[in-house]
Amino acid sequence: MSELGFSTRAVHAGFEPDPQTGAVNVPIYASSTFAQDGVGGLRGGYEYARTGNPTRTALEANLAALELGRYGRAFASGMAATDCVLRALLRPGDHIVIPDDAYGGTFRLIDKVFTQWGIEHSPAHIADLDAVRAAVRPDTKLIWVETPTNPLLTIGDIAALADVAHTAGALLVVDNTFATPYLQTPLTLGADVVLHSTTKYLGGHSDVIGGALVTDDAEIDQKFAFLQNGAGAVPGPFDAYLTLRGAKTLALRMERHCDNAELIAEFLARHPAISTVIYPGLPEHAGHGVAAKQMRRFGGMLSVRLHGGEEAARRFCAGTKVFTLAESLGGIESLIEHPGAMTHASTAGSQLEVPADLVRISVGIEDAADLLADVEQALAQ
């Protein structure tokens, strides 16, 4: 299906209409086990729902098609997918390079859990290739990248970072949650593994938790498959169905997310209460050129810093009426949050600590005029 357009793949990849009933949507196979045709005779390849479920299989095939990859694996959450990558590809004594503004949950897992098992990590500014090269060591096995990063929206040059990783004998893992496969496809730029929190834009409706890994490498995929089954952090069939339903409209939603985010970024860039708007679509963003090269558009996420410091940032978060004060992102509704006290609290006191005056905004698909008016009134308080 790789030769088909994105929206066609989103709608059709992973499932053909049921030959018996004609159902155009994948059924929710709510079964924990499957009848076998004799001992070891698997009917359709399924035996137990932790190992495989037809609804999950359809989702995995769809996500792989959207990322232009060969293999997809779905997980119970984005962090479960992250955990699988680290356990599958790292061993005690190995080293990983991470962004110096990585997602707080990723940092917490690496810093608080995997360090106990002898995994070492070094943060680096992923927009600075020399800094990334300097962070690489002889025992580096992975370079972990978010682009755009969460929450400072740093842009990494995926193709160049892939060259750095492969020259060092390491693999490049790209967390593509912010961009989505609609805006960029890291595997086509040289990445070895793409990770998603499908909770966010792929599911798109703030009603399901999930994660995914996509790769072109059969050996890597088999490592993921072993842990997916062996550790068991898999999505249930209803979760898989909801995520697949969301993925079908990803292109439409992302266009609206991007439209609205661009308008809000331009408005906030002119507002006297805002000291800095961080959005890759603005020409003054340090990564604007790279983003324009490797992304279709610039996404629905932006962050701002306020002149009044932390107090002003918290007041802004509390003052909105259409934007909901909540963690997470990528849903159809607009969300606002204070990373230092919420999603990135785990980075406090570390090299990855986020600025106290920072506010992260997930721009939804509501009417742009209502979003602009809400931002304006909140900043006036």
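Residues numbered from 1 in each chain as written. Predicted model: local features only at pLDDT ≥ 70, side-chain atom pairs only at ≥ 80, totals over all residues. Heavy atoms only, no water.

- Looking at an unreviewed UniProt entry, the chain carries the name Cystathionine gamma-synthase, with the source organism given as Nocardia jiangsuensis.
- Under the Cofactor (unreviewed entry) heading, UniProt states for the chain: "pyridoxal 5'-phosphate".
- The record held by UniProt for the chain lists under Sequence similarities (unreviewed entry) the comment "Belongs to the trans-sulfuration enzymes family." (UniProt positions renumbered as here; feature names shortened; annotations may be inferred.)

### Looking at the overall build of the chain
Then, number 1: Check the secondary structure of the chain and you find 13 helices and twelve strands.
Then, number 2: Whereas a compact globule of 381 residues would reach a radius of gyration of roughly 21 Å, the chain reaches 21 Å, a difference of no more than 12%.
Then, number 3: Each principal axis of the C-alpha atoms in the chain carries an extent, and together these give about 70 × 50 × 35 Å.
Then, number 4: Buried residues in the chain amount to 55% of all 381 residues.
Then, number 5: In the structure as shown, the chain presents an accessible area of about 15200 Å², 54% of it carried by carbon and sulfur atoms.
Then, number 6: Each charge class in the chain was averaged separately, 28 positive and 44 negative side chains, and the resulting centres sit 3 Å apart. (Helix = DSSP H or I, 4+ residues; strand = E, 2+ residues; numbered from the N terminus. Rg over C-alpha atoms; globule rule 2.2 N^0.38 Å. Buried < 20%, exposed > 50% of the residue type's maximum accessible area, 1.4 Å probe, protein only. Areas by Shrake-Rupley, 256 points an atom, 1.4 Å probe, with all protein chains shown as cover. Lys, Arg positive; Asp, Glu negative; His and termini not counted. Charge placed at Lys NZ, Arg CZ, Asp CG, Glu CD.)

### Considerations on the pattern of salt bridges
For side chains bearing opposite charge, pairing can occur when the charged atoms are close.
Then, number 1: Throughout the structure, instances matching the rule amount to 19 salt bridges.
Then, number 2: The salt bridge partner of E60 is R56, with a shortest N-O separation of 3.5 Å. Linking E60 with R56, this pair stays in helix 2 (residues 54–66), spanning four residues, or about one helical turn.
Then, number 3: Taking the relative accessible area as the measure of exposure, E60 reaches 8% and is therefore buried.
Then, number 4: Its relative accessible area of 2% is what places R56 among the buried residues.
Then, number 5: For the salt bridge of D139 with R137, the shortest nitrogen-to-oxygen distance reads 2.9 Å.
Then, number 6: Its relative accessible area of 28% is what places R137 among the partly exposed residues.
Then, number 7: Connected through salt bridges with shared partners, the residues E255, D259, E262 and R297 form a single ionic network. (Salt bridge = Lys/Arg side-chain N within 4 Å of Asp/Glu carboxyl O.)

### Let's talk about helix 9 (residues 237–247)
Then, number 1: Listed in full, the buried residues belonging to helix 9 are A240, Y241, L242, T243, L244, G246 and A247.
Then, number 2: Those residues of helix 9 that are buried lie in contact with helix 1 (6–12), helix 2 and helix 10 (250–269). (Contact = heavy atoms within 4.5 Å.)

### Observations regarding the sheet that holds strand 6 (residues 193–196)
Then, number 1: In space, the seven strands of this open sheet follow the order 1-7-6-5-4-2-3, with mixed pairing throughout. With partners counted over all chains shown, the strands left at the sheet margins are strand 1 (71–75) and strand 3 (120–124), one partner each. Averaged over all neighbouring strand pairs, the angle between strand axes comes to 20°, with direction disregarded.
Then, number 2: When strand 1 meets strand 7 (residues 211–215), the two strands line up antiparallel, connected through five bridges. By the bridge assignment, R73 is partnered in strand 7 with L213. (Pairing = 2+ DSSP bridges. Axes fitted to C-alpha atoms, helices over the stretch in contact; angles between N-to-C directions.)

### Some words on the pairing of strand 3
Then, number 1: Here five bridges tie strand 2 (residues 95–99) to strand 3, and the two strands are oriented parallel to one another. Bridging from a neighbouring strand, P99 pairs with A124 of strand 3.
Then, number 2: In this region the chain leaves strand 2, passes through helix 4 (residues 104–113) and returns to the parallel neighbour strand 3; the handedness of that crossover is right-handed. (Right-handed = clockwise from strand over helix to strand, strands pointing away.)

### A short note on the packing of aromatic side chains
Aromatic rings considered in pairs are described by the distance between their centres and by the relative angle of their planes.
Then, number 1: Per the counting criterion, the structure on display carries three aromatic pairs.
Then, number 2: Ring centres of F6 and Y182 lie 5.2 Å apart, and the angle between their planes is 65°; this geometry places the pair in the edge-to-face category. You can see F6 sitting in helix 1 and its partner Y182 sitting in helix 7 (residues 180–183), a full 176 residues away along the chain.
Then, number 3: Given the relative accessible area of 9%, Y182 is considered buried. (Phe/Tyr/Trp six-rings, centres within 6.5 Å; stacked < 30°, edge-to-face > 60°.)

### As for helix 10
Then, number 1: Between its first and last C-alpha atoms helix 10 spans 28 Å; for 20 residues at 1.5 Å apiece the expected length is 28 Å, and the two agree.
Then, number 2: Every buried residue of helix 10 is listed here: L250, A251, R253, M254, H257, C258, N260, A261, I264, A265, F267 and L268. (Expected span 1.5 Å × (residues − 1).)

### Describing the environment of A369
Then, number 1: Checked against the element boundaries, A369 lands in helix 13 (residues 368–380).
Then, number 2: Sequence separation between A369 and V290 is 79 residues, and the spatial gap between their C-alpha atoms is 30 Å.

### Concerning the side chain of Q184
Then, number 1: Take Q184: it is sitting in the loop between helix 7 and strand 6.
Then, number 2: Only 2.9 Å separates the side chain of Q184 from the side chain of N176, close enough to count as a polar contact.
Then, number 3: In this structure Q184 touches E67, T147, I158, N176, A179, Q294 and M295, once residues within four positions along its chain are discounted. (Polar contact = N/O pair within 3.5 Å; in protein donor to acceptor, adjacent residues only side chain to side chain.)

### Let's talk about the sheet that holds strand 12 (residues 358–362)
Then, number 1: The five strands lie next to each other as 8-9-12-11-10, forming an open sheet whose pairing is mixed. The sheet terminates laterally at strand 8 (274–278) and strand 10 (324–325), the two strands that pair on one side only.
Then, number 2: One ladder, built from two bridges, connects strand 10 with strand 11 (residues 335–337); its direction is parallel. Across the sheet, the residue bridging to L325 is I336, located in strand 11.
Then, number 3: On top of the sheet, helix 10 reaches strand 8, strand 9 (301–306) and strand 12; it is set at about 15° to strand 9, its chief contact.

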